Amino acid sequence: MTKAGQGKTRALKVVSGTNRDSVSIDSTLAPVKSLIGSPTPRIHSKLNDLPSKGQELIDFATKFGIELMPWQKFVIEHAHKIKPDQRWNSSEVCIVAARQQGKSTLLMVRALAGLFLWNEPLQISSAHRLSTSLELFRQIVKIVETHDELKEQVKVIRWAHGSEEIETKSGNRYLVRASNSAARGIARPEVIYMDELSMMKDLDGFASLRYTMMASRNPQVWTFSTAGDQTSVVLNQLRERGMNAAVDGDDKITYLEWSAYTDDIHDENNWVASNPALGHTVHEDNIRAVLNDPPHVVQTEVLCRWIHQKDAVIPALSWEECGDDVDLDIERQTWFGLDLSPDRKAGALVAAQRLDDNRFVIKLMRTWENSVSLNDLSIANDIAEHFRKYPVEVVAYSKRTASSVAGRLVPAGIPIMDFDGHNYATSCDLLLSAITSGRLRHNRNPELTKQILSAVRLPHGDGGWIIGRRASQTTVCAAVAAALCTHFATRGETEIDILVG
């Protein structure tokens, strides 16, 4: 893997003597060197020595007044390597970098080349937000209309919301399509562009476009994104392939990622590694200006670092600080929280116990998964097995998701309590409060951490909130179950747990 260059160091010249005012400012300051973003990615698939058509594209861009940055030229060179039969060596290209680095310019130049340089019959551009594709379309049209050599080759420019199109006299077409209907009526595109890949939460849209290219002469898919989270299904799949391709050259994907080494938002080396446009179109002062924003936002948008969930309700740092070498005591009073996902394909059981001080511990006891539907009887038997090991006061559950399992626990003498509505909202609030105050302790279980940090806040009632199962767009059963048992673990020993006077 290629490492970015180190950040430049600033220095003030020390002036000897007492009369420092007599020395001019210019003579006391060393030249300030701006930080320059790395032209090469921190993570990339294996590179090769095949010939490239990239220089043709670079020269084409220069001819029409588009000055490319070093990192863009790097991408163009390595994404356009060709095999002996003149077909692209990589039919899939994935570019990942922080916001505002020039990814759209890269897409624009590639699209123009497809229309006017390489005579690619059909190109399709799609993004999570249609406005993103439309803005790029306007930029392409502007370039075309300001250069007679290009304008003379255009047959028609069509403006139709969600179906914009440029068609040349030779029959080449560039289309803009809304992401939810991008593949409708399309056959054999040569090039597909997908922007904002981190926002694609399932494979349906990607697959529908990808498979329209099966009969294409020389297809190539270009995808662009900043860092995602665990719900970024398509991006995560491509990233995994790219990282594997860095070691094993069998996968021909071209994966290029500019991202920070660590999550330290103040480390200039991280800025250099994740912002290839730094010192070109991005000024380092603009990065400093956003450092007081929420850290998880800066990490994804500026450092291009993956996080569990962009809209997570539980602060990752607070949760990490609650980690401890603790476990459940088989003699202490215990509370269970049970939750199943709305599609009944996943579930979790979490236990809670009070500690000697004003704190309590939670532990993920069990998770269940089934690609079709969970088995209620099997889950009930698993819970009964854990119930026999601890003095459990109650199993808290939601009748919206787990009533069928709870119904099987009653005949076995296992006490249950339904938590919905106000009680559920209160439990979620108590969980968040316990984490941010450090009262909650956990044993750093990776799956529990993953689900806790994936939980998304959903407004509920008059100013309240709950952990949204569907809003989280991933499995958060353990987070919901943790909230349910937290309700009991934080309950006062008496009716009055706050003393005054």
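The coordinates are above.
Parameters at a glance
Residues numbered from 1 in each chain as written. Predicted model: local features only at pLDDT ≥ 70, side-chain atom pairs only at ≥ 80, totals over all residues. Heavy atoms only, no water. Pairing = 2+ DSSP bridges. Helix = DSSP H or I, 4+ residues; strand = E, 2+ residues; numbered from the N terminus. Axes fitted to C-alpha atoms, helices over the stretch in contact; angles between N-to-C directions. Contact = heavy atoms within 4.5 Å. Buried < 20%, exposed > 50% of the residue type's maximum accessible area, 1.4 Å probe, protein only. Polar contact = N/O pair within 3.5 Å; in protein donor to acceptor, adjacent residues only side chain to side chain. Expected span 1.5 Å × (residues − 1). Salt bridge = Lys/Arg side-chain N within 4 Å of Asp/Glu carboxyl O. Core = buried A, V, L, I, M, F, W, Y, C linked by side-chain atoms within 4.5 Å.

Visitor: Is there a simple way to explain the sheet that holds strand S10 (residues 334-340) in this structure?
Guide: As a general point, the strands of a sheet are linked pairwise by backbone hydrogen bonds and lie either parallel or antiparallel. Taken together, the six strands give an open sheet; going across it, the order is S14-S13-S10-S11-S12-S15, and neighbouring strands pair in mixed fashion. Each edge of the open sheet carries a strand with a single partner, namely strand S14 (416-418) and strand S15 (440-442). Going across the sheet, the axis of each strand differs from the next one's by a mean of 30°, ignoring polarity. Looking at chain direction, strand S13 (residues 392-397) and S14 are connected through three bridges and run parallel. For Ala396, the partnering residue across the bridge sits in S14 and is Met417. Helix H13 (residues 376-387) rests against S10, strand S11 (346-354), strand S12 (360-369) and S13 of the sheet, and its axis sits at about 150° to S12.

Visitor: Can you walk me through the side chain of Ser274 in this structure?
Guide: Tracing the backbone through its elements, the reader meets Ser274 in helix H9 (residues 268-274). Residue Ser274 is classed as buried on the basis of its relative accessible area, which comes to 0%. Here Ser274 is in contact with Ala97, Ala98, Trp258, Ser259, Ala260, Val302, Leu303 and Cys304, once residues within four sequence places are set aside.

Visitor: Looking at this structure, I do not really get the sheet that holds strand S9 (residues 254-257). What am I missing?
Guide: If you walk across this open sheet you meet the nine strands as S1-S9-S2-S8-S7-S3-S6-S5-S4, and the pairing is mixed. What marks the edges here is a single partner per strand, and that holds for strand S1 (43-44) and strand S4 (154-158). Against the sheet, helix H8 (residues 233-245) contacts S1, strand S2 (92-96), strand S8 (220-225) and S9, and its axis sits at roughly 100° relative to S2.

Visitor: For this particular structure, what's the right way to read the environment of His283?
Guide: In this structure, His283 sits in the loop between H9 and helix H10 (284-288). Only 3.0 Å separates the side chain of His283 from the backbone nitrogen of Asp285, close enough to count as a polar contact.

Visitor: Quick question: what am I supposed to make of the pairing of S9 here?
Guide: Each regular strand shows side chains that alternate between the opposite faces of the sheet. With burial as the criterion, each face of S9 is covered, one bearing Thr254 and Leu256 and the other bearing Tyr255 and Glu257. Two elements, S1 and S9, share two bridges in a ladder whose sense is antiparallel. What sits directly across from Ile43, in S9, is Glu257. Where S2 lies against S9, four bridges are found, and the strand directions are parallel. In the strand pairing of S9, Val93 is matched with Thr254.

Visitor: Just checking my understanding: could you explain helix H5 (residues 130-145) for this structure?
Guide: Compared with the 22 Å implied by 1.5 Å per residue over 16 residues, the 22 Å span of H5 between its first and last C-alpha is a close match. Three or more residues of H5 are buried, namely Leu130, Ser133, Leu134, Leu136, Phe137, Ile140, Val141, Ile143 and Val144. Packed against the buried residues of H5 are helix H4 (103-116), strand S3 (122-127), helix H6 (148-151), S4, strand S5 (165-168) and strand S6 (173-176).

Visitor: Whenever I open this one, the pattern of salt bridges confuses me. Can you help?
Guide: Oppositely charged side chains can form a pair if their charged atoms are brought close together. Scanning the entire structure with this criterion turns up 26 salt bridges. Among the salt bridges present, the one from Arg158 reaches Glu167, with a minimum N-O distance of 3.1 Å. Classification of Glu167 by relative accessible area gives buried; the value is 14%. The salt bridge involving Arg241 is made with Asp251; its shortest N-O contact spans 2.9 Å. Note that Arg241 is positioned in helix H8 and Asp251 in the loop between H8 and S9, a separation of ten residues in sequence. A relative accessible area of 23% places Arg241 in the partly exposed class. For Asp251, a relative accessible area of 27% translates into the label partly exposed. Members of the salt-bridge network, linked through shared partners, are Lys155, Arg158, Glu165, Glu167 and Arg173.

Visitor: Would you take a moment to explain the side chain of Gln299 for this structure?
Guide: Structurally, Gln299 is set in helix H11 (residues 295-301). With sequence-adjacent residues up to four places away left out, Gln299 is seen in contact with Asp263, Ile265, Cys304, Arg305 and Ile307.

Visitor: Looking at this model, I keep getting lost on unusual backbone geometry. Mind explaining?
Guide: For residues that are not glycine, phi is negative in most cases, and the peptide bond is trans in most cases. The backbone phi angle of Gln86 is positive, close to 75°, even though this residue is not glycine. Tracing the backbone shows Gln86 in the loop between helix H3 (70-79) and S2. For Arg344, which is not a glycine, the phi torsion comes out positive at approximately 60°. Structurally, Arg344 can be placed in the loop between S10 and S11.

Visitor: I'm lost on the nonpolar core in this one. Help?
Guide: Within soluble globular proteins, side chains that are nonpolar generally end up buried alongside one another. One finds Ile95, Leu112, Ile140, Tyr174 and Trp222 to be the most contacted residues of the largest nonpolar core, which totals 61 residues. With nine residues, the single largest contributor to this core is H4. Excluding residues that lie within four positions of it along the chain, Leu112 makes contacts with Phe60, Ile66, Leu117, Ile140, Ile143 and Val144. Among the nonpolar cores identified, the runner-up in size contains 42 residues, and Ala346, Leu432, Ile466 and Ile467 belong to it.

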